[in-house]
Amino acid sequence: MNRTLRRRGANSLCAVVMIAALALVGSTSAGAQSEPPEIAPSSLGPIGHDGRWMTTADGRVLMLNGINFVDKNLLTPAGYGFEDDDGEWLAANGIDAVRLGFTAAAAMPTPGVLDEDYLDAFIETVDMLESHGLLVLIDLHQDGWGPTLGSNGFPEWMTLTHGAENTGTPFPLYYITNPAIQAAFDSFWANEKGPDNIPLQDQVATIFTDMAQRLKDSDAILGWDLLNEPWPGTNFQPCGEVGPGCPDQDASSLDPYYTRMTAAIRGAGAEQLIFGEPWVLFNFGMNATNIALPGGDANSGLSFHAYTLEDANVPVVMDQAQAWSKRTGGALLGSEFGADPRPEFNNGIIAEFDRALIPWMYWAYNENTIGNLKAPPGQSEADAVDAIVRPHPLAVGGTPTRLHYQLTERVMRFTWDTTGPDGTQSPADTESVFQVAPRTYPKGYKVLTVGATVTSPSDAASLTVVADGSGDEPKVVVYPADAEPPSLDFPEDQAAPSDDTAPPPSPDSSLSAPDVAPLTPVFTG
């Protein structure tokens, strides 16, 4: 196996399966407590990849659910209120990873001088998250270039606009209507020299070098996200046209920057995954990206977002990302979506990530998830929590083939091929791990399996199963312990219920459960 080792966006946003064998396991567990999973995501590192699939240290496919935390006001994460109780809440609710953002303005407020106090505090937050078993994606964040022009990101001394007018246009139109923001990006992509006669990108590389030296030995680092939602600059129109995007600008602007940052991280001795992002216009679902693997590095991938103008374009974003990976061999991570508290809206977007079998990270913990970070997180949860906290595969002994979650019924269905992405058969004793937060199943949960055996205790927060060799594509169905057993079939495969449907099986039965009506994901815009 090749194991080379959030928004706020524009949200206008076939047959019934024949069952060869069925095992029904699990038990009611009234009053289940919120405990962290027995298998911590951070224990699975170092994280690498095999093509589009991120992989664990032992070669299983990593299918994580994560969340963003980004402070845009120059505060440290802890200064904002993101502390130990938040890490505990995330772990107890089955969140696997945090995209932890910082800005160049916070890390280097004056030319060439790192704010060591800020960086020390940032690393302390990384350590806190690791102590709770979470993986961490380090994100260099910007929105609208920086606080002097848009929202957050680069400091005033890096803002070279050459006299372009600053219209002060607010989000979301500042990119296309503020010439100063466009000019600042032009200067950045040209790697112009700042006030200390050092090229702007070299200064950013200094920040990455410092952070990478501090974190190079941590297996909890999922990777490095080199720049949030980059903007092309003045000549942005070609990058927004439907179709292939702007390959010339990808090659002349993004690729050189990603090469410099990758060299800085690797030069500091860090071997974790490195992620480049496409132009922010990619996230609308209208065009492709043509960026290369960051720095041509084999252990790298694409971090992308889903903020489409139309619901129909959400699958396009996923398909374009997969097309990029097929062309480059890079890993895929959906590192932002959401920015909306409505469970049904977020469930619709997650359904598309699940269809494409792409790991995702919700925007954001400090927006639309927890309302008051100065209070215990359980006291100010937003409505979105019940959509993002869900059972899901974490480490898969083979290649995922299908995933679906019914939000209202709280039923997860998942299948996988026991052959790994590299074409080799997974060892017979390979455990596939699922995160099952007690919040989703306060009275416990039960499991239906086909071609697999449950190896974890009843109601475990880390459900583990082993393929039993009876088929090439095992299946796991998780559902509430106090509910009738659901159909094994994915909703789109289920036949309409009929009067002669067989009765549901008893806990020791080996018969299939009756079909249930399909659930169509709801998109709102």
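Presented here is a report on the structure given in the accompanying data block. (Residues numbered from 1 in each chain as written. Predicted model: local features only at pLDDT ≥ 70, side-chain atom pairs only at ≥ 80, totals over all residues. Heavy atoms only, no water.)

## Side note on the side chain of Asn-191
Operational definition: To qualify as a helix, a DSSP run of H or I must reach at least 4 residues; to qualify as a strand, a run of E must reach at least 2; elements of each kind are numbered from the N terminus. Burial here depends on accessible area, computed with a 1.4 Å probe over protein chains only, as a share of the maximum for the residue type. Under 20% is buried, over 50% is exposed, and the range in between is partly exposed. By the convention used here, residues are in contact when the closest approach between their heavy atoms is within 4.5 Å.
Looking at the element boundaries, Asn-191 is found in the loop between helix H6 (179–189) and helix H7 (200–215). Judged by relative accessible area, which is 13%, Asn-191 ranks as buried. Ignoring any residue separated from it by four or fewer positions in sequence, one finds Asn-191 in contact with Pro-199, Leu-200, Gln-201, Asp-202 and Arg-260.

## Comments concerning the pattern of salt bridges
So the rule is basically this: A carboxyl oxygen of Asp or Glu within 4 Å of a side-chain nitrogen of Lys or Arg is what we treat as a salt bridge.
Across all of its chains, the model carries 19 salt bridges by this definition. Arg-390 is paired through a salt bridge with Asp-354; the nearest N and O atoms lie 3.8 Å apart. Separated by 36 residues along the polypeptide, Arg-390 in the loop between helix H12 (385–388) and strand S13 (392–396) and Asp-354 in helix H11 (residues 343–356) bring together distant segments of the chain. The residues Arg-390 and Asp-354 share a single accessibility class, namely buried. The partner of Asp-386 in a salt bridge is Arg-439, with the nearest N and O atoms 2.9 Å apart. With Asp-386 in helix H12 and Arg-439 in the loop between strand S16 (431–435) and strand S17 (445–450), this residue pair connects regions lying 53 residues apart in the sequence. A residue is classified by how much of its surface remains accessible, and Asp-386, at 44% relative accessible area, is partly exposed. Each member of the salt-bridge network shares a partner with another, and the members are Arg-99, Asp-139, Asp-225, Glu-277 and Glu-336.

## Structural notes on empty space enclosed by the protein
Using the following cut-off: Only protein atoms enter the 1 Å grid used here, on which a cavity is any set of points holding a 1.4 Å probe that cannot leave and a pocket is any open set flanked by protein within 12 Å on both sides along at least five of seven lines; residues with an atom within 4 Å of a point are listed as lining. Grid points are joined across faces, edges and corners, and a volume is the space filled by probe spheres set on the points. Residue polarity is assigned by list, with Asp, Glu, Lys and Arg as charged and Ala, Val, Leu, Ile, Met, Phe, Trp, Tyr, Cys and Pro as nonpolar; anything else, Gly included, falls into the polar class.
The calculated volume of the largest cavity comes to roughly 50 Å³. Cys-239, Gly-245, Cys-246, Asp-250, Pro-278, Trp-279, Leu-281, Phe-282, Asn-287, Ala-288, Thr-289 and Asn-290 together form the lining of the largest cavity. Broken down by class, the residue content of the lining of the largest cavity amounts to seven nonpolar, four polar and one charged. By volume, the second largest cavity is sized at about 40 Å³. Taken together, Met-63, Leu-64, Asn-65, Asp-354, Ile-358, Pro-359, Trp-360, His-392, Pro-393 and Leu-403 make up the full set of residues lining the second largest cavity. Of the residues that constitute the lining of the second largest cavity, the class distribution is seven nonpolar, two polar and one charged.

## Points about the packing of aromatic side chains
Note the threshold: Aromatic rings from Phe, Tyr and Trp, taking only the six-membered ring of Trp, are treated as a pair when their centres fall within 6.5 Å; an angle between ring planes under 30 degrees marks them as stacked, one over 60 as edge-to-face, and anything in between as tilted. Note on geometry: a ring has a charge over it if NZ (lysine) or CZ (arginine) is within 6 Å of the ring centre and within 35 degrees of the ring normal.
All chains considered together, the criterion is met by 32 aromatic pairs. Taking the centre distance of 5.0 Å and the plane angle of 85° together, the rings of Tyr-174 and Tyr-175 count as edge-to-face. Where Phe-337 meets Trp-360, the ring centres are 5.4 Å apart and the plane angle is 90°; that geometry is what we call edge-to-face. With a gap of 23 residues between them, Phe-337 in strand S11 (residues 331–337) and Trp-360 in strand S12 (residues 360–362) connect regions that are remote in the sequence. A cation sits over an aromatic face here: Arg-402 above Phe-490, 4.4 Å from the ring centre.

## Quick notes on the environment of Val-478
Among the secondary structure elements, Val-478 is positioned in strand S20 (residues 475–480). Taking relative accessible area as the criterion, Val-478 reaches 0% and is therefore assigned buried. Along the sequence, Val-478 and Leu-488 sit ten residues apart, while their C-alpha atoms lie 9.8 Å from each other. The residues touching Val-478, leaving out its near neighbours within four places in the chain, are Arg-410, Val-411, Met-412, Val-436, Tyr-441, Tyr-445, Lys-446, Val-447 and Leu-463.

## Looking at H6
Residue pairs spaced three or four apart in an α-helix point in one direction, given the helix's 3.6 residues per turn. Spelled out, the test is: Pairing of N or O atoms within 3.5 Å defines a polar contact, subject to two protein rules: one partner must be a possible hydrogen donor and the other a possible acceptor, and residues neighboring in sequence count only if both atoms are side-chain atoms.
Where burial is concerned, most of H6 is hidden: nine out of the eleven residues are buried. Where H6 is concerned, the buried positions are Ala-180, Ile-181, Gln-182, Ala-183, Ala-184, Phe-185, Ser-187, Phe-188 and Trp-189. Lining the buried residues of H6 we find helix H5 (174–177), H7 and helix H9 (247–267). Where H6 begins, the capping side chain belongs to Asn-178, and its oxygen is found 3.0 Å from the backbone nitrogen of Ala-180. In the segment just after H6, Asn-191 is the residue with positive phi, at about 55°.

## As for the packing of helix H4 (residues 116–131) against H7
Here is the rule we go by: Interaxial angles span 0 to 180 degrees and are taken between N-to-C directions of axes, which are lines fitted to C-alpha atoms, for helices over the stretch in contact. The cut-offs work like this: below 35 degrees is roughly parallel, past 145 is roughly antiparallel, 65 to 115 is roughly perpendicular, and the gaps in between are oblique. Handedness of a helix crossing follows the sense of rotation of the near helix relative to the far helix, less than a right angle counterclockwise being left-handed and clockwise being right-handed.
At a minimum axis distance of 11 Å, the contact between H4 and H7 shows a crossing angle of 40°. Put simply, H4 runs oblique to H7. Here H4 runs over H7; the crossing is right-handed. Two secondary-structure elements touch here, H4 through Glu-116, Leu-119, Asp-120, Phe-122, Ile-123 and Val-126 and H7 through Asp-210, Met-211, Arg-214 and Leu-215. Among the residues forming the contact of H4 with H7, the class breakdown is six nonpolar, no polar and four charged.

## Focus on the packing of helix H10 (residues 314–328) against H11
Closest axis-to-axis distance for the H10/H11 pair is 9 Å, and the angle between their directions is 30°. The angle between H10 and H11 falls in the class roughly parallel. Considering how the two elements wind past one another, H10 and H11 form a crossing that is right-handed. Every residue of H11 that contacts H10 at Val-314, Pro-315, Met-318, Asp-319 and Gln-322 is listed here: Ile-349, Glu-352, Phe-353, Arg-355 and Ala-356. The residue makeup of the contact of H10 with H11, split by class, is six nonpolar, one polar and three charged.

So yeah, pure geometry; function would need other evidence.
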